[in-house]
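Chain residues, written in single-letter form:
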Amino acid sequence: MTHNPSHTSVKRRIFFVSFSVLIVIYFFFTFLYPASPAQFVETPGEVASTEFVVTVNSQNGVDEATNSLQTLPASSDAQPPFRVTVELFPNVIRFGDPVYIVAYLENISPTPQTFASYHTTREVNDPICFSITSNEIPDEEARCYFEKQYPVDVFIIPPLVTLAPGERALWQRCVVELPPLEDFDEPFYSALEKKLAQTSVSCDLNVKSTVYVRHMKPINGEESFDCRVEGRLPVVVKPRPENETALLRRWLSKTKRCNLLPRVVRGNKVAWQANGSENPAILTNYLWFDFFPFSPWDFIRPGNRKPSTPNNPITVDGWRKLDAEFAPSTLRDEITLTRLQLEYYDADEGEASDAALKTLVEWLSQRPEPQRVVLSQSLLSKRAKFKGTPLEAKNATLCDALTSAFPVEMTKSDDAM
């Protein structure tokens, strides 16, 4: 059989061309999606449930002689009338991710019990006091200072909720970032980031010994209890993709240069400036709908700077591009929620708007319960920000859709926050 050199040459050219095309495709997608190696494909972690320790600090009763309230130390055999169960999501995160926490009270006594429902009056990220520790970082501890949104403290008497024996209700909900953007360089988190260069790190979210629940003042001679709740929530922290960490660092640097980082005042973080403006934002970072400017904080969870002004995109397309830059994580989830809101508000009335609203509500419905409760109620708490704006009607429709989709989790008082 005669060997044909030209045929061999053609086959070689086809081989080299095909190989070159594959190489180009490989490097194209590697460049386009640098943050999505196999270990970052799935959102890490799942829901973890923990029962907290409840102790009775004091017992309140009515002195029959004076008909006045009398507070006495709890007896050694005093039993709390309720159980506290806390759910956290996710229990495995990337450095910089938020974790979502909901706490439930269950009446374990044989009679109805009444308690103050603080989650209906407090901001979504101002519930319980946490510290973060790790056995692998024995000399440091991070304190959680939750951010107050308003310069003036508004005293609101929390509504009372009565539970029948065996009944359970939402008591508190919150979100803890590990760490918040402004705390990246705090000693504990600096040590944590260094540890993460070698391995994952187990951390504990510790609830400090503080009075969290009060069975309100006695009525008709009934007793009430001041109780303390304590517990520990374990969370495994894993390293974040390098390109995402670099972006967070750039956001931190720019926020610091613009003097928009919060400061700690009397045990709370405050972000407002000397003029008392709430959640300050740079005008060039506002988003516009129907020629009306909206602060980025109108669409972002309070305290979440990943990103907000001065780093946030100012268009719907900008938020879409940012969403695509991050691998699945709870940090990305919050970017996604902002994107979905903006797509809804930007959609034309009618089928497009209805479809965008459905997508947003369905996305929330697929979130694990702690995350869904926190993020849904965060959206409800912003209703007042849209009053008198071109988006008032659309926001009202969104709030109605949320209360219809999650009636047990929603609270009417949040609408006015």
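Anything mentioned here points back to the structure above.
As the structure is a computational prediction, the values presented were derived from the model and not from experiment.

### Re the packing of helix α4 (residues 316–325) against helix α5 (residues 330–346)
The N-to-C vectors of α4 and α5 enclose an angle of 155 degrees; their axes lie 9 Å apart at closest approach. Relative to α5, the element α4 is oriented roughly antiparallel. For α4 against α5, the interelement crossing comes out left-handed. Contact residues: Val316, Trp319, Arg320, Leu322 and Asp323 in α4; Arg332, Ile335, Thr336, Thr338, Arg339, Leu342, Glu343 and Asp346 in α5. Its residues assigned to classes, the contact of α4 with α5 shows five nonpolar, two polar and six charged.

### Overview of unusual backbone geometry
Between Phe89 and the following residue, Pro90, the backbone shows a cis peptide bond with an omega angle of -10 degrees. Its place among the elements puts Pro90 in the loop between β4 (82–89) and β5 (92–94). Backbone torsion omega between Lys306 and Pro307 reads -5 degrees, so that peptide bond is classified as cis. Mapping Pro307 onto the fold places it in the loop between β18 (292–294) and α4.

### Structural notes on the environment of Ile282
Here Ile282 is to be found in the loop between β16 (268–270) and β17 (287–289). By relative accessible area, which is 28% here, Ile282 ends up partly exposed. In the structure, Ile282 is positioned 27 residues away from Thr309 in sequence and 6.3 Å away in space, judged by C-alpha atoms. Setting aside chain neighbours within four positions, we find Ile282 in contact with Cys258, Leu260, Thr309 and Pro310.

### Quick notes on the packing of aromatic side chains
A ring pair, where both rings are aromatic, is described by two values, the distance of the centres and the angle of the planes. Within the structure shown, the criterion is met by 13 aromatic pairs. Between Phe294 and Phe299 the ring centres are 6.0 Å apart and the planes differ by 55 degrees, which places this aromatic pair in the tilted class. The exposure classification of Phe294 matches that of Phe299, with both residues buried. Pairwise contacts between aromatic rings join Phe289, Phe292, Phe294, Phe299, Tyr344, Tyr345 and Phe386 into one cluster. Here the basic side chain of Arg367 rests over the ring of Trp363, its NZ or CZ set 4.5 Å away from the ring centre. The ring centre of Tyr344 lies 4.9 Å from the NZ or CZ of Lys394, which sits over that ring.

### A word on the nonpolar core
Of all hydrophobic cores here, the largest spans 84 residues; its most connected members are Ile101, Phe130, Ile132, Val176, Leu192 and Leu205. No other element matches the seven residues that α5 contributes to this core. Setting aside chain neighbours within four positions, we find Leu205 in contact with Leu88, Val99, Ile101, Phe130, Ser131, Ile132, Val176, Leu178, Gly231, Arg232, Leu233 and Val235.

### Let's talk about the pairing of strand β6 (residues 97–107)
Side chains on a regular strand alternate between the two faces of the sheet. Counting buried residues along β6, 10 of its 11 residues qualify, which places the element largely inside the surrounding structure. Of the pairings in the sheet, the one linking β4 to β6 comprises eight bridges and is antiparallel in character. Across the sheet, residue Leu88 finds its bridge partner in β6, namely Ile101.

### Overview of a negative patch on the surface
Together, Asp346, Asp348, Glu349, Glu351 and Asp354 give the surface a local cluster of negative charge. Mapping Asp348 onto the fold places it in the loop between α5 and α6 (351–365). Judged by its relative accessible area of 60%, Asp348 is exposed.

### Some thoughts on α4
Those residues of α4 that sit buried are Val316, Gly318, Trp319, Leu322 and Asp323. Down the axis of α4, the buried side of the element spans an arc of 155 degrees, and every buried residue falls inside it. Opposite the packed face of α4, turned more than 90 degrees from it, sit the exposed residues Lys321 and Ala324. Residues of α4 that are buried make contact with α3 (242–257), β17 and α5.

### Some points on the sheet that holds β16
Strand order across the open sheet formed by three strands is β10-β16-β15, with mixed pairing between neighbours. Across the chains shown, the open sheet's two edge strands, defined by having one partner strand only, are β10 (147–148) and β15 (263–265). With two bridges connecting them, β10 and β16 associate as parallel partners. Across the sheet, residue Glu147 finds its bridge partner in β16, namely Lys269.

### Observations regarding the sheet that holds β6
The four strands are arranged β1-β4-β6-β12 in an open sheet whose pairing can be described as antiparallel. Pairing within the sheet leaves two strands with one partner each, and these edge strands are β1 (48–51) and β12 (168–178). Strand-to-strand twist in this sheet, taken as the mean axis angle between neighbours without regard to direction, amounts to 20 degrees. The pairing of β1 with β4 spans four bridges and is classified as antiparallel. Within β4, the residue paired with Ala48 across the bridge is Leu88.

### Some points on the packing of helix α7 (residues 369–380) against helix α8 (residues 392–405)
When two helices pack together, you describe them by how their axes are tilted relative to each other and by the distance separating the axes. In contact at an axis separation of 10 Å, α7 and α8 are set at 145 degrees when each is read in the N-to-C sense. In this structure, α7 meets α8 at a crossing whose hand is left-handed. Packed against α7, whose contacting residues are Ser376, Leu379 and Leu380, the element α8 presents Cys399, Leu402 and Thr403 at the interface. Taken together, the residues of the contact of α7 with α8 sort by class into four nonpolar, two polar and no charged.

Cut-offs applied
- Residues numbered from 1 in each chain as written.
- Predicted model: local features only at pLDDT ≥ 70, side-chain atom pairs only at ≥ 80, totals over all residues.
- Heavy atoms only, no water.
- Axes fitted to C-alpha atoms, helices over the stretch in contact; angles between N-to-C directions.
- Helix = DSSP H or I, 4+ residues; strand = E, 2+ residues; numbered from the N terminus.
- Parallel < 35°, antiparallel > 145°, perpendicular 65-115°, else oblique.
- Left-handed = near helix turned anticlockwise from the far one by under 90°.
- Contact = heavy atoms within 4.5 Å.
- Nonpolar A, V, L, I, M, F, W, Y, C, P; charged D, E, K, R; others polar.
- Buried < 20%, exposed > 50% of the residue type's maximum accessible area, 1.4 Å probe, protein only.
- Phe/Tyr/Trp six-rings, centres within 6.5 Å; stacked < 30°, edge-to-face > 60°.
- Lys NZ or Arg CZ within 6 Å of the ring centre and 35° of its normal.
- Core = buried A, V, L, I, M, F, W, Y, C linked by side-chain atoms within 4.5 Å.
- Pairing = 2+ DSSP bridges.
- Patch = residues over 30% accessible without salt bridge, like charges linked within 9 Å, V, L, I, M, F, W, Y side chains within 5 Å.
- Areas by Shrake-Rupley, 256 points an atom, 1.4 Å probe, with all protein chains shown as cover.
- Salt bridge = Lys/Arg side-chain N within 4 Å of Asp/Glu carboxyl O.
- Lys, Arg positive; Asp, Glu negative; His and termini not counted.
- Charge placed at Lys NZ, Arg CZ, Asp CG, Glu CD.
- Arc of directions from axis to C-beta.

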